[in-house]
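Structural overview
Residue strings, one per chain:
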Amino acid sequence: MTRAIYPGSFDPVTYGHLDIIIRSSALVDELIVGVLNNNAKTPLFSVEERVRMLEEVTGNMPNVKAVPFEGLLIDFAEKMGAGMVVRGLRAITDFENELKMAQTNHKLSPRVETVFLTTSLEYAYLSSTVVKEVAYFGGDIAQFVPENVESRIREKIIKKESVH
Ligand code: PNS
């Protein structure tokens, strides 16, 4: 059985992530979307919220599961019994960092291979950071994220604004 991990921050999940989830889940028996719980970063959404949004958008994909993780990706891969890590490559600017991560992970655990999928052209520009920025300034994000995610972002931003 081929089990792969698609790791990321997913703060929040975008159509670009979803594209990689759909395409990579067709290549393996089981795809675990690993959601990084990183205390060093201050995400817009808690790890529970990010997992929940992923569960909502992948609910119709029987071989996809969203699971939070902390610490090293390679330790998470070992724990989950996964032999493959999937990452999306949008542009050449992603490559340097992705290469370093893949090579570091391969040094740490040669058993785990990193596989790259090139992002579909229509999402090549897209990132969670861009989505959040457009939303903060009142722009239309319907074309970037699924509907449930769009409404969660709006709620979050309204809440933040009412605090300030
Ligand atoms: O969506 P992102 O933020 O680009 O995802 C980055 C992620 C989660 C894949 C990466 O930061 C990661 O694997 N973090 C876990 C820590 C780790 O294993 N570091 C060693 C590899 S360089």
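These notes cover the structure that comes with them. (Residues numbered from 1 in each chain as written. Predicted model: local features only at pLDDT ≥ 70, side-chain atom pairs only at ≥ 80, totals over all residues. Heavy atoms only, no water.)

**Observations concerning unusual backbone geometry**
Trans peptide bonds make up most of the peptide bonds, and negative phi angles are found at most residues other than glycine. Cis geometry is found at the peptide bond from D11 to P12, where omega equals 0°. Here P12 shows up in the loop between β1 (3-8) and α1 (15-25). If you check the backbone angles, F10 has positive phi at about 50° while not being a glycine. With respect to the element layout, F10 can be found in the loop between β1 and α1. You can call F10 buried: its relative accessible area is 3%. (Helix = DSSP H or I, 4+ residues; strand = E, 2+ residues; numbered from the N terminus. Buried < 20%, exposed > 50% of the residue type's maximum accessible area, 1.4 Å probe, protein only.)

**A look at the sheet that holds β1**
Here we have 5 strands laid out as an open sheet, ordered β3-β2-β1-β4-β5, and parallel in their pairing. A single partner strand is all that each edge strand has here, and the edge strands are β3 (64-69) and β5 (113-118). Pairs of neighbouring strands in the sheet enclose a mean axial angle of 30°, with direction left out of account. The sheet contact formed by strand β2 (residues 30-36) and β3 spans 6 bridges and is parallel. Its bridge partner being in β3, I32 is matched across the sheet by K65. Contacts between helix α3 (residues 73-80) and the sheet are confined to β1, β2, β3 and β4 (84-89), with β1 contributing the most and set at about 150° to the helix. Contacts from helix α4 (residues 92-108) reach β4 and β5, with the element oriented near 170° to β4. (Pairing = 2+ DSSP bridges. Axes fitted to C-alpha atoms, helices over the stretch in contact; angles between N-to-C directions. Contact = heavy atoms within 4.5 Å.)

**Observations regarding the pairing of β2**
Summarising burial for β2: 7 of the 7 residues are buried, a large majority. Neither face of β2 is left uncovered, since the one carrying E30, I32, G34 and L36 and the one carrying L31, V33 and V35 both have all their residues buried. Pairing of β1 with β2, which is carried by 6 bridges, proceeds in the parallel orientation. Bridge pairing in β2 links A4 to L31. Since β1 and β2 lie parallel, the crossover through α1 that links them has a hand, and here it is right-handed. Each parallel crossover has a hand, and for β2 linked through helix α2 (residues 47-57) to β3 it is right-handed. (Right-handed = clockwise from strand over helix to strand, strands pointing away.)

**What about the environment of R87?**
Relative to the assigned elements, R87 resides in strand β4. When the C-alpha atoms of R87 and T119 are compared, they prove to be 9.4 Å apart, with 32 residues separating the residues in sequence. Beyond its immediate stretch of four places on either side in the chain, R87 contacts Y6, P7, G8, E98, M101, T114, V115, F116 and L117. Reaching out from R87, the side chain makes a polar contact with the side chain of E98 at a distance of 2.7 Å. (Polar contact = N/O pair within 3.5 Å; in protein donor to acceptor, adjacent residues only side chain to side chain.)

**A short note on the pattern of salt bridges**
Using the criterion set out here, one finds 10 salt bridges in the structure. Measuring nitrogen to oxygen at the nearest pair gives 3.9 Å for the salt bridge that ties R52 to E55. Placement of both R52 and E55 in helix α2 is noted, with a separation of 3 residues, approximately one turn of the helix. Take E55: its relative accessible area is 39%, and that puts it in the partly exposed class. Here D94 ties to R90 by a salt bridge, and the two come within 3.0 Å at their closest N and O atoms. Given the relative accessible area of 37%, R90 is considered partly exposed. Each member of the salt-bridge network shares a partner with another, and the members are R3, E30 and K65. (Salt bridge = Lys/Arg side-chain N within 4 Å of Asp/Glu carboxyl O.)

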